[in-house]
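Letter by letter, the chains look like this.
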Amino acid sequence: MEGDDRRPLPSSSSAAAAAEAVVGRAAAAAEDVAAFSEYRSPYRKQLFGLSRRVRLLAPMLDELVDRLRPIPAAAAGTLEPLAEALDAARELMGFCGEGSKIFLVLEKDTVMKRFQEVSSQLEQALGQISFDDLDISDEVREQVELVHAQLKRAKERTDMSDSELHTELLSLYNRTKEVNIDPSILERLSEKLHLTTIADLKQESLSLHEMVIASGGGDPGEQIEKMSMLLKKIKDFVQTQDPEMGSVANPKSLLLDRKQKTAVIPDDFRCPISLDLMKDPVIVATGQTYERACIEKWLASGHNTCPTTQQKLVHTSLTPNYVLRSLIAQWCEANGIELPKRPCQPSNPTSSSCSSKEHANIHALLRWCNPLLINLLYTTDLRIQEHAVTALLNLSIHDDNKAGIVSSGAVPGIVNVLKNGSMEARENAAATLFSLSVVDEYKIRIGELGAIPALVSLLSEGTQRGKKDAATALFNLSIYQGNKGKAVRAGVVPLIMGLLTDPLGGMVEEAAALLAVLASHPEGKTAIGEAEAVPVLVEMIGMGSARSRENAAAVLLHLCSGEQQLKYLAQAQECGMMGSLRELAVNGTGRGKRKAVQLLERVSRFVIQQQEEQAQILTLAQAGTQFDVHDQVEHAEHPSSAVLIDR
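Everything numeric in this text was worked out from a predicted model, so none of it was measured. (Residues numbered from 1 in each chain as written. Predicted model: local features only at pLDDT ≥ 70, side-chain atom pairs only at ≥ 80, totals over all residues. Heavy atoms only, no water.)

(A) Summary view of the overall build of the protein. Each helix and strand in the protein was counted, giving 34 helices and 3 strands. When each of the 647 residues of the protein is scored for burial, the buried share is 46%. Counting only carbon and sulfur atoms, one obtains 52% of the accessible surface of the protein, whose full area is about 32700 Å². (Helix = DSSP H or I, 4+ residues; strand = E, 2+ residues; numbered from the N terminus. Buried < 20%, exposed > 50% of the residue type's maximum accessible area, 1.4 Å probe, protein only. Areas by Shrake-Rupley, 256 points an atom, 1.4 Å probe, with all protein chains shown as cover.)

See the structure below:
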């Protein structure tokens, strides 16, 4: 109509493109929220809840991304509010994950209001979605409706998970000029705020600095100034507890350093003391790993505790962590970084300062000690037995002694202690077997002498340190293919699954690494599948640490190979694996990226195969319908022939 200034309706192709863009935006935001793994925040409970609910929306978004038909324009319009709500959720996750912890607690009301607003926005957006027009499957629709109901309840809750933290921090915030602050208060605050290491304090200092930049770059206001003074008090307290820790660098230099580094070093590859990439990682008695030079300096200064756990060290022996060093080497190679050179170890004092006669006497003494210690491994006095196995552990640290210990027949005695000794003796027996199993040929012998079932028992019954000793020994022994079946038959897989689903147990990384080794064995793969591991693995790929994610992807890749691959691929897809895999393929470790890409390729082939099968079924159904119609027409036109046939 002439003079009509109304806009023309968009074409079907442009409407379809707009709908795809909205779905893509929503899916990308959901992937980021679901993959968020930094829960060392004062709002851990709220962050975890938000991430979990958004992760449950992934199957719906995956169905929309993968659907063969265009999304109707009217239905696409109902998805726009969801995309906006997911963008808001992603922004809030980043704010709480990267912002200053001190600021986040002090601004409790503001932060909780934002959580409430995001929950309300998501709840309203889900309420507007036209499920019938989108042709969402019933199972996925039920899951989305469950999330919708959860969000309705969540938006009504406004409490912070730790109100006592807010009260105590606010009180200290208003007393920053006081010189003497109760150390117990500072200790509680440093633990609750997760400001216990130099890395934590550096990040908090940097976050405060970035807040100043965000505020306009002028002089810091009174609020930022008081928060900085509060951080300094916590830092001074932490350094008082750990004088060797060093000082927190200037935030500006940290910012420059961050920009200059192209590859981010995984936290697991950094020494907890120096925060540098480890060149020669070694394991102490508690199972923690440090750079050799750093922990030796710590021990030489008179400390007898583990810097990370503060546990007293039952011995000061250092075991080379060959597995971690290999992983560091792989990471360096994948990122084009020159592998750090191991510092030259000083010559053994006995070999450089002793005469040949004295050197021979030392070896004779060691040969005499071994039979004596072996006899004591069978004593009924548990204390003496513990001292004997601890002495063997200390001797086994040195590579020159390993052959003598094994050849003298010590392994059966060590296994005896592992089965029947006190808990501390069992822990040291496991550590000894780990030390000896560094030599490949000893892996076979230790496995043949019954150590593996005993290690599995320790993994089940031990203290945290005992479980770590057992897990590391089992990992090393299971590098030999013949030992993997022994571990599986001893019942290790259900135990590992329990450790994987207990984030407070502190064994997730060790369990994931051990599971990845066992998954390469047929019995291991079967046991993992029977343990219904797929949902746990998918969740870990989305939310675990760098090492846990790559190992979870490696296990899933093994499951999705062979006879049962279609079953496990379908399970993984139902659990919303695609978003986490795409993120891992971009931001994971070198090994993690490779595993993610391989899994994505298999999922793509699986989806194509499903679509082809559905198309064949549809074609056959249509052909069958046409045949029935043709048959009816023939019957109507030639009734006599039909009668003859009937006869």
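(B) Summary view of unusual backbone geometry. We note that Glu 532 has phi near 55 degrees; this positive angle belongs to a residue other than glycine. Structurally, Glu 532 is set in the loop between helix 28 (522–530) and helix 29 (534–543). We classify Glu 532 as exposed; its relative accessible area is 63%.

(C) Focus on the side chain of Asp 469. Within the secondary structure layout, Asp 469 lies in helix 24 (residues 464–477). Other than its neighbours up to four places away in sequence, Asp 469 contacts Ala 285, Glu 427, Ala 430 and Ala 431. (Contact = heavy atoms within 4.5 Å.)

(D) Representation of the pattern of salt bridges in the model. Following the criterion strictly, the structure yields 19 salt bridges and no others. For the salt bridge of Glu 461 with Arg 426, the shortest nitrogen-to-oxygen distance reads 3.1 Å. Of this pair, Glu 461 sits in helix 23 (residues 451–461) while Arg 426 sits in helix 21 (residues 423–436), placing them 35 residues apart in sequence. Its salt-bridge partner being Glu 523, residue Arg 489 comes within 2.7 Å of it at the nearest N-O pair. Taken together, the residues span a long stretch of sequence, with Arg 489 in helix 25 (residues 481–489) and Glu 523 in helix 28 at a distance of 34 residues. By relative accessible area, Arg 489 is classed as exposed at 56%. Given a relative accessible area of 31%, Glu 523 falls into the partly exposed group. (Salt bridge = Lys/Arg side-chain N within 4 Å of Asp/Glu carboxyl O.)

(E) Main features of the nonpolar core. Counting 87 residues, the largest nonpolar core has Val 492, Leu 500 and Leu 556 as its most contacted members. When residues of this core are assigned to their parent elements, the largest contribution, 9 residues, is made by helix 27 (residues 508–518). For this core, the two domains that each supply at least three residues are domain 4 (377–529) and domain 5 (532–629). Filtering out sequence-adjacent residues up to four positions away, Leu 500 remains in contact with Val 508, Ala 511, Ala 512, Leu 515, Val 536 and Met 540. Counting 45 residues, the second-largest nonpolar core is a separate cluster that includes Leu 47, Leu 50, Ile 71 and Ala 75. (Core = buried A, V, L, I, M, F, W, Y, C linked by side-chain atoms within 4.5 Å. Domains from an automatic or database assignment.)

(F) Quick peek at the confidence of the model for the protein. Taken residue by residue, the protein gives an average pLDDT of 77. The fraction at 70 or more is 77%. Taking the mean pLDDT of every element in the protein, the minimum, 36, falls on helix 13 (residues 251–260) and the maximum, 95, on helix 23. Long-range and interchain partners of residues 344–355, a stretch whose pLDDT sits below 50, account for 9 contacts in this model, where long-range means more than four residues apart. Low pLDDT, under 50, characterises residues 640–647; the stretch is placed with 1 contact to residues that sit more than four places away or in other chains. (pLDDT = per-residue confidence, 0-100.)

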